[in-house]
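# Remarks on the overall topology
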Amino acid sequence: MLSSASHMPVIAWAAAAACLSGAATLLLTPAMIKAAHAFDWVDYPQADRWHATPTALMGGVAMYGAGALALLFLGPLAGVGMGVGLIGGGATLLFAVGMVDDLWGVGPTTKLAAQVGAAVLLMAAGHVFGPEWPLWVSGPVTLVWVIGITNAVNLLDNMDGLAAGIGGIAAVALTAFAAAGGALPAALLGGTVGGAALGFLWFNAKPARIFMGDCGSLVLGYGVAALAVMGQGAVAAGPGVAVLAPICALAVPILDTTLVTVARTQAGRPVTNGGQDHTSHRLVTLGLSESAAVGTLHGMGAVAGGVGLTALVVEPTLFYAACAFGTVALGVIGGSLGRLDVYRAARVGGDGAPSVSMGPSSNAQAGQGRWQTVAAYLVGDGLLIGGALAAAHALVGSGGLGSGGLAGAEGVPIVERVLLVGGVQLAVLYAMGLYRRLWRHAGTPGIARIVGTTLLAQAAAAGGLSLVYGLGAVSAPLLTVDGLILTLGVLGSRLGRRGLQRGASLYRSRAAPAESTSNVLLYGTGEQAMLALRALRDAEEMDRVPVGFVDPDPSKQDRVVRGLPVFGGACADLCREHDIDEVIVAVGETAPHSEQEVARQCAEAGVACRSFDVQMKPLGAGREDSTHGEPMPGPPA
């Protein structure tokens, strides 16, 4: 019996562990919900928490119990012993500390000590981050990795179903990677972690009936961190592939922790304090529902895990390109979400946190912010240039579409050629002003400028290669493919934020009937209309959704301004076509006759019509306010 079982395929062991762990979680979690309410292990709503109703805690007890059962039963059958046992000991240590924290609370020093101990047990089992690196490098990196990912998943447990879903998706990807290399201990552990997380998701998805608590999130974070380390030695691939592939599976927790750390530091808030400023909260601020925000992050986790798994089926050069493009995409998403103002309550004393400084140093901080933006663009474009070259080399150089040139010039190191091409292209992008303006509102002229600049960069790169290495170093097919990929990448990096805004706006408009919101059409495209749009988007209550602008000037129609389309035609027809509930006229004093005509058309279509105006009135000492005691005009009921 034991002999036949021990020869089962690795993937079969992973599937058996996932089924057993998942089934046990489905059976144990309902019992844990009843026990939590009986012993008052309940998380009540608080100002810095997202849930609105008392919810059972200690779901991690069911997850840990189910995982332990699966490992204790299947481990001996599979013939894995001491290695998995040591890792299980690390999980048990974190489970105990997390349970004490859930019940009575522990300090950050105690948690950190437990995480260090768990990382040491992982290394004692023979697993280190970067198995081919010197121990004096891999040891500290392993320690930082385990602590970082464990805390990242712990912090990600801020919305119903988020941490369980992300952890389960990452475990599935890491298990597939380990199983492809025949790493039985990692596959068995991965199946156990994935089954427990996805089984718990049934009870933790919105509306959550139970939270996993620290006793669950710390163990889940440690489990996926350990899996990422264990799978690195399983697959023989190009330099760095075995390290990059597991990192891809955990891209969402890494993005969230990085975003929160940077945003809180810039806002002058303690990094260790909780708050509603995570990636999930920012997506809700952007206009998504809670379920849509969680689903979006689940989708991002699945895509990132899929990118990691491409390392198993494509050559390393193409995988490096995919990682570079993925990093830029995450940077665009993180940068866009990081600009959302989620600390408004702090500035008015909502949670007691320090407000953003508006003192004399503001100008210096603004200047520093501009340089940070330029630096971010340079790094992103560097990744795009390297990724485009790598992809072109894989598709053309080794695919027979071209010979010689960058891919095959004899006697010239490839790194030297790549540095030359990349340096020339970056210099051209900088010289042509792609770092001296904001691109989130760019229209057709901006797109044309980007395309022209990248073409010029390709021509300059070809000239540089010819000048240094001769005409034989220039491969027209390779540079053509490289230019196409680079152009698409630069366009995506510059227009990505606008795409996110338009996507969120489209979602809000589609969700408007279910959420009792009003579709709003803005009449005018001048400064007054831009102020009106900003006021609508900055409003605390998302009861109005801007759908687009309308302008009688034909030269302004069929364009996109601030992420919204500019329509032409009669307001009455547009209101019927786009299901508009309200028209806001924002033309100031430039066209007073327009207000009357728009109001007439709105009355014809049965749509509310309002005028947006900004006025400044002089105030003097002893002058009474003539409007004192009178209600200020507000939004429609």
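This report concerns the structure included in the present document.

Cut-offs used in this document
Residues numbered from 1 in each chain as written. Predicted model: local features only at pLDDT ≥ 70, side-chain atom pairs only at ≥ 80, totals over all residues. Heavy atoms only, no water. Helix = DSSP H or I, 4+ residues; strand = E, 2+ residues; numbered from the N terminus. Contact = heavy atoms within 4.5 Å. Areas by Shrake-Rupley, 256 points an atom, 1.4 Å probe, with all protein chains shown as cover. Salt bridge = Lys/Arg side-chain N within 4 Å of Asp/Glu carboxyl O. Buried < 20%, exposed > 50% of the residue type's maximum accessible area, 1.4 Å probe, protein only. Polar contact = N/O pair within 3.5 Å; in protein donor to acceptor, adjacent residues only side chain to side chain. Axes fitted to C-alpha atoms, helices over the stretch in contact; angles between N-to-C directions. Left-handed = near helix turned anticlockwise from the far one by under 90°. Nonpolar A, V, L, I, M, F, W, Y, C, P; charged D, E, K, R; others polar. Core = buried A, V, L, I, M, F, W, Y, C linked by side-chain atoms within 4.5 Å. Pairing = 2+ DSSP bridges. Parallel < 35°, antiparallel > 145°, perpendicular 65-115°, else oblique. Expected span 1.5 Å × (residues − 1). Phe/Tyr/Trp six-rings, centres within 6.5 Å; stacked < 30°, edge-to-face > 60°.

### Thoughts on the overall build of the chain
Of the regular secondary structure elements, the chain holds 23 helices and 8 strands. Counted over contacts in the chain with a minimum sequence separation of 6, partners at least 24 positions apart contribute 75%. Here the chain displays about 29700 Å² of accessible surface, and carbon together with sulfur accounts for 65% of that area.

### Things to note about the pattern of salt bridges
A complete count under the given rule lists 11 salt bridges for this structure. The salt bridge partner of Arg610 is Glu582, with a shortest N-O separation of 3.4 Å. Of the two residues, Arg610 is situated in strand β8 (residues 608-611) and Glu582 in strand β7 (residues 582-585); the sequence distance between them amounts to 28 residues. Arg610 gets classed as partly exposed once you look at its relative accessible area, which sits at 35%. In this structure, a network of salt bridges that share partners links the residues Asp573, Arg576, Glu597, Arg600 and Glu604.

### Some details on the environment of Gly301
As for its position among the elements, Gly301 is in helix α13 (residues 290-309). C-alpha separation for the pair Gly301 and Gly168, spaced 133 residues apart in sequence, amounts to 9.8 Å.

### Considerations on the environment of Gly526
With respect to the helices and strands, Gly526 occurs in the loop between β3 (518-523) and α21 (527-538). Along the primary structure Gly526 and Ala586 are separated by 60 residues, whereas in three dimensions their C-alpha atoms are 7.9 Å apart.

### What to know about the side chain of Arg282
Within the element layout of this structure, Arg282 appears in helix α12 (residues 279-286). Polar side-chain contacts of Arg282 include one of 3.0 Å to the backbone oxygen of Asp277.

### Here we look at the packing of helix α10 (residues 241-249) against helix α14 (residues 316-338)
At a minimum axis distance of 11 Å, the contact between α10 and α14 shows a crossing angle of 35°. Between α10 and α14 lies a crossing of left-handed hand. Residue-level inspection shows Val241, Leu244, Ala245 and Cys248 of α10 in contact with α14, the latter providing Pro316, Phe319, Tyr320 and Cys323. Taken together, the residues that form the contact of α10 with α14 break down as 8 nonpolar, no polar and no charged.

### Here's the deal with the nonpolar core
Core analysis: the biggest nonpolar cluster contains 70 residues, and Ile87, Leu122, Trp145, Leu188, Tyr222 and Val224 have the highest contact counts within it. For this core, the element with the most residues is helix α9 (residues 214-230), which contributes 12 residues. Not counting chain neighbours up to four residues away, the residues in contact with Trp145 comprise Phe129, Ala225, Ala228, Val229, Ile247, Leu250 and Ile254. By size, the runner-up hydrophobic cluster in this structure holds 23 residues, among which are Ala388, Ile450, Ile485 and Val490.

### With respect to the environment of Val396
Mapped onto the secondary structure, Val396 falls in helix α16 (residues 362-397). For the pair Val396 and Leu478, spaced 82 residues apart in the sequence, the C-alpha separation amounts to 5.7 Å.

### Things to note about the pairing of β7
Taking every second residue as pointing to the same face, both faces of β7 are buried, with Glu582 and Ile584 on one and Val583 and Val585 on the other. Pairing between β3 and β7: 4 bridges, direction parallel. Across the sheet, residue Val520 finds its bridge partner in β7, namely Glu582. Note that β7 and β8 share 4 bridges and pair parallel.

### Some remarks on the packing of α13 against α14
Closest axis-to-axis distance for the α13/α14 pair is 10 Å, and the angle between their directions is 160°. Between α13 and α14, the angle falls in the class roughly antiparallel. Read as a crossing pair, α13 and α14 show a hand that is left-handed. Between α13 and α14, the contacting residues are Met300, Val307 and Gly308 on the first element and Phe319, Ala322, Leu330 and Ile333 on the second. Along the lines of polarity and charge, the residues of the contact of α13 with α14 split into 6 nonpolar, 1 polar and no charged.

### Notes on helix α5 (residues 108-124)
Its 17 residues give α5 an end-to-end C-alpha distance of 24 Å, which sits within 8% of 24 Å, the value for a rise of 1.5 Å per residue. Of the surrounding secondary structure, the elements contacted by the buried residues of α5 are α4 (82-103), α6 (135-156) and α9. Positive backbone phi, at 95°, marks Gly126, one or two positions downstream of α5.

### Quick look at α9
Think of an α-helix as turning once every 3.6 residues; residues three or four places apart then point the same way. Between its terminal C-alpha atoms α9 stretches 24 Å, which fits the 24 Å expected from 17 residues at 1.5 Å a residue. Of all the 17 residues making up α9, 17 are buried; the element is thus mostly covered by neighbouring parts of the structure.

### Observations concerning the packing of aromatic side chains
According to the stated counting rule, one finds 4 aromatic pairs in the structure shown. Summarising the aromatic geometry, the rings of Tyr64 and Phe95 are spaced 4.2 Å apart at their centres and angled 5° between planes, so their arrangement reads as stacked. Taken together, the positions of Tyr64 in helix α3 (residues 59-78) and Phe95 in helix α4 put the pair 31 residues apart, joining distant regions of the chain. Between Phe129 and Trp133 the ring centres are 5.8 Å apart and the planes differ by 55°, which places this aromatic pair in the tilted class. Looking at Trp133, the relative accessible area reads 36%, which means it is partly exposed. Among the aromatic residues, those joined into a cluster by ring pairs are Phe129, Trp133 and Trp145.

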